[in-house]
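Tertiary structure, described
Spelled out from the first residue to the last, the chains are:
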There are 2 protein chains.
Amino acid sequence: MSSVDFPSQVPAGAGAVLAIDLDAIAGNWRVLRDHAQRSGRAVECAGVVKADGYGLGAVPVATALAGAGCRSFFVADLEEATTLRAALPDARVLVLHGPAAGTEREMAALGLTPVLNSLDDIARWRATAVALDRPLAAYIHIDTGMNRLGLDDRGARHLAADPALLTGLTPAGWMSHLASADVAGDGLAAEQDARFRAHLARLPGAPASLAASSGIFREPALLHDLVRPGAALYGVNPTPEAPNPMAPALRLLGRILQVREVPAGATVGYGATYRTTAPARLATIAVGYADGYFRALGSSGHVTIAGVRASVVGRISMDLLSVDATRVPPEALVPGAFAELIGPDRPLDDVAADAGTIGYEILTGLGRRFCRVYQGAWPVAAHP
Amino acid sequence: MSSVDFPSQVPAGAGAVLAIDLDAIAGNWRVLRDHAQRSGRAVECAGVVKADGYGLGAVPVATALAGAGCRSFFVADLEEATTLRAALPDARVLVLHGPAAGTEREMAALGLTPVLNSLDDIARWRATAVALDRPLAAYIHIDTGMNRLGLDDRGARHLAADPALLTGLTPAGWMSHLASADVAGDGLAAEQDARFRAHLARLPGAPASLAASSGIFREPALLHDLVRPGAALYGVNPTPEAPNPMAPALRLLGRILQVREVPAGATVGYGATYRTTAPARLATIAVGYADGYFRALGSSGHVTIAGVRASVVGRISMDLLSVDATRVPPEALVPGAFAELIGPDRPLDDVAADAGTIGYEILTGLGRRFCRVYQGAWPVAAHP
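Residues numbered from 1 in each chain as written. Chains lettered and ligands numbered in written order. Predicted model: local features only at pLDDT ≥ 70, side-chain atom pairs only at ≥ 80, totals over all residues. Heavy atoms only, no water.

What counts is decided by this rule: UniProt positions are given in the numbering used here, feature names are shortened, and annotations may be inferred rather than shown by experiment.
The name given to chain A in an unreviewed UniProt entry is Alanine racemase, with the source organism recorded as Nitrospirillum amazonense. In UniProt, chain A has this text filed under Function (unreviewed entry): "Catalyzes the interconversion of L-alanine and D-alanine. May also act on other amino acids." Under the UniProt heading Cofactor (unreviewed entry), the note attached to chain A is "pyridoxal 5'-phosphate".

Written out as structure tokens, the structure is:
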């Protein structure tokens, strides 16, 4: 596509446009919810909006999800929770990193539900409940194989043996986290589920949560009572072994700043790492690694201009990249036109593979210089 | 270092601290200016603050540089220029991507100096000067080997043959850009300089600029009249073949969220890619790839805790990373303490090398969730 569908929203000076489709994100949430409820059970489908909604904007994303019926949102820390609470006063906001020491009263005042990751977290949250003289809700995280956050086996057994440690708290749920649900047929998910269930059998009853994006598409046993998709909401394929069941949620367009006719033997970019083998037409695009178009794409990326593929040539610069656009019709190859860097013609997961990483990192690495255009449930607005 | 030097500025809930030393940046600018003037000529030393001051904050950085005597600042586009103009009403602000069609009058009204990259840029900027009936300053960019932006050989010859194309403009300078000044002894810099000088000899007289950070340290002939360091200001080594002449400008500290004792054979993180070979103490730190600690560091990074090296184990998560902290004294290994991810113990360029990239990309990839603490010339403030 050589032009944007929403020219009136894009300032002439904007070098790049990040268009975020909130209807697609809300639609993805419905697909995930319906899939989680495929057995007829009322499994709750939360939304993970940490890391600023995987780079796409936690507030607009969560607002769109709330409009679709989502009631529980996971964020990483107090700062993210505070931002979300201001936008969604009635939502359940769960804080994955737990209550940092010294922040417990602020978390309680904001009505947040921390994920308690250790016996110490539990003790401090419980002390806060006692001091405030009211029950406080908590999710409790039991580690079953990530060794990252959560009670270890000994901690969980200790808690099961002494439920008085929870007096004053309202256990809103038990959670654990799968290490490799994205790998179909991986035996580890079943092992982790077995460990999780063994703990659950010893602990007070409360809803349980294990599956994130990929887990929703694996064995129904993993679904438990609440699922917490993140990446799939934003269009990352939760089933890498099969076609992507999710709709793309973003399009990244970069402005063509200049078109150059170069002879054979011309070098391009830093280090002169690329040399043309024939006369070529190059386009210089106003997106670079400072915008999150990773430097690793210098040897492997491509974009499309008017639907025609144009390979990245030479190294990615901080604010610029060059492509060989020789095959693009000249009438489409003009300064001011846009190239598609991510979108329907350039799926997010393909860009990630070219960069040697995963779609998650491309999303959260997206820069701040883009003109952001939200389409869909959120009031349409451009943020240059 | 197990604690921060400025605890009163860091909120208890902050998972990470990015401390930016503006005195070091101003000091680096003085070193670069003095080195550029080592032959006794009054070479001007500008400051490149595009990409939000290489991720460290364009306004605080430029304010500190202005205090040190810097008068000219390079940014990428109109949006960055507008932000800088508001903070520094009297500075010369040069816009590398030139005047996008339709933004010429806004650029003129803000008193910006665009870098004109093509005959079309020159014609549009000149038409603006004619319409406003006043001369407009311009830097003109001649490409000598990057094939990215700037007049090509034919365009520069065309301009030399018809200087009337510049009527109404005040040529504030001619510039070109070196492709590989960071490689000592690379013959390309001299070739580019020769091409640049051949064009200069045919064009109207104005100050010339060729060298950026690394060029300042190469042949004195490259210095011309104005140098434009960027990366070196922020502590990137401009002479990779030799010890770094620049002072480190930032320190990135990540909070320890949890300490875990694990047996031999424990797996860590997504994909269970790491397995302990002996009993170990792991620390989980509240920084992940969403914060710009690249996923590529999962197999190769390390941090320091209380000055003791701790290797990253397993994959980097979006918001978390795990290290083997077995060798760290237990009294220093407590939740709430900080690990150093970048800083005096972990130089920026070393972290970049571990990630398979360059310091520039680490800088511009730094995330937004950090509590930013500015030390030095800028009024001290924390931005949680």
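**What about the relation of the copies chain A and chain B?**
A rotation about some axis, followed by a shift along it, carries one copy of the chain onto the other. Heads up, the rule is: Least-squares superposition aligns the copies on the C-alpha atoms of those residues with pLDDT at or above 70 in both. Contacts are assigned to residue pairs that have any heavy atoms within 4.5 Å of one another.
For the match of chain A to chain B, the screw axis carries a shift of 0.0 Å, the RMSD comes to 0.0 Å, and the turn is 180 degrees. Taken together, the rotation angle and the small translation identify this as a two-fold axis. Taking C-alpha positions as the reference, the residue of chain A nearest the rotation axis is A:Gly365, at 3.5 Å. Looking at chain A, 100% of its interface residues are interface residues in chain B too, so the copies touch through the same face.

**Here we look at the domain arrangement of chain A**
We count it as follows: Residue ranges assigned to each domain were obtained from an automatic or database domain assignment.
Each domain of chain A was delimited in the assignment, giving domain 1 (23-234) and domain 2 (249-357). Using only C-alpha atoms to locate each centre, domain 1 of chain A and domain 2 of chain A end up separated by 40 Å.

**Points about the confidence of the model for chain A**
In plain terms, the rule: Residue-level confidence of the predictor, termed pLDDT, takes values from 0 up to 100.
Mean pLDDT for chain A: 94, with 96% of residues reaching 70 or above. Low pLDDT (under 50) marks residues 379-384 of chain A, which in the prediction has 18 contacts with non-local residues, meaning those over four places away or in another chain.

**Side note on the environment of B:Asn244**
Residues and elements named next belong to chain B. Test applied: The way it works is that DSSP assigns letters per residue, a run of H or I at least four long becomes a helix, a run of E at least two long becomes a strand, and they are numbered from the N terminus. Polar contact is defined as a pair of N or O atoms within 3.5 Å, subject to the rule that within protein one atom must be able to donate a hydrogen and the other to accept it, and that residues adjacent in sequence are counted only when both atoms are side-chain atoms.
Locating Asn-244 in the fold gives a position in the loop between β10 (226-227) and β11 (250-262). When the C-alpha atoms of Asn-244 and Asp-349 are compared, they prove to be 9.5 Å apart, with 105 residues separating the residues in sequence. Those residues in contact with Asn-244 that lie beyond four places of it in its chain are Gly-235, Val-236, Asn-237, Pro-238 and Asp-349. Within polar-contact distance, the side chain of Asn-244 engages the backbone oxygen of Gly-235 at 2.9 Å. A polar atom in the side chain of Asn-244 sits 2.9 Å from the backbone nitrogen of Met-246.

**Digging into the UniProt feature "binding site: substrate" (unreviewed entry) in chain A**
Per the UniProt entry, the sites bearing "binding site: substrate" (unreviewed entry) are A:Arg148 and A:Met318 in this numbering. Spanning 171 residues, the named residues do not form one spatial group; their C-alpha atoms are separated by as much as 33.6 Å. You can see A:Arg148 is positioned in the loop between β7 (136-141) and α7 (153-161). Setting aside anything within four residues of it in sequence, one finds A:Arg148 in contact with A:Asp143, A:His177, B:Gln258, B:Arg260, B:Tyr270, B:Thr284, B:Ser317, B:Leu320 and B:Ser322. Following the sequence through the fold, A:Met318 ends up in the loop between β16 (308-312) and β17 (321-324).

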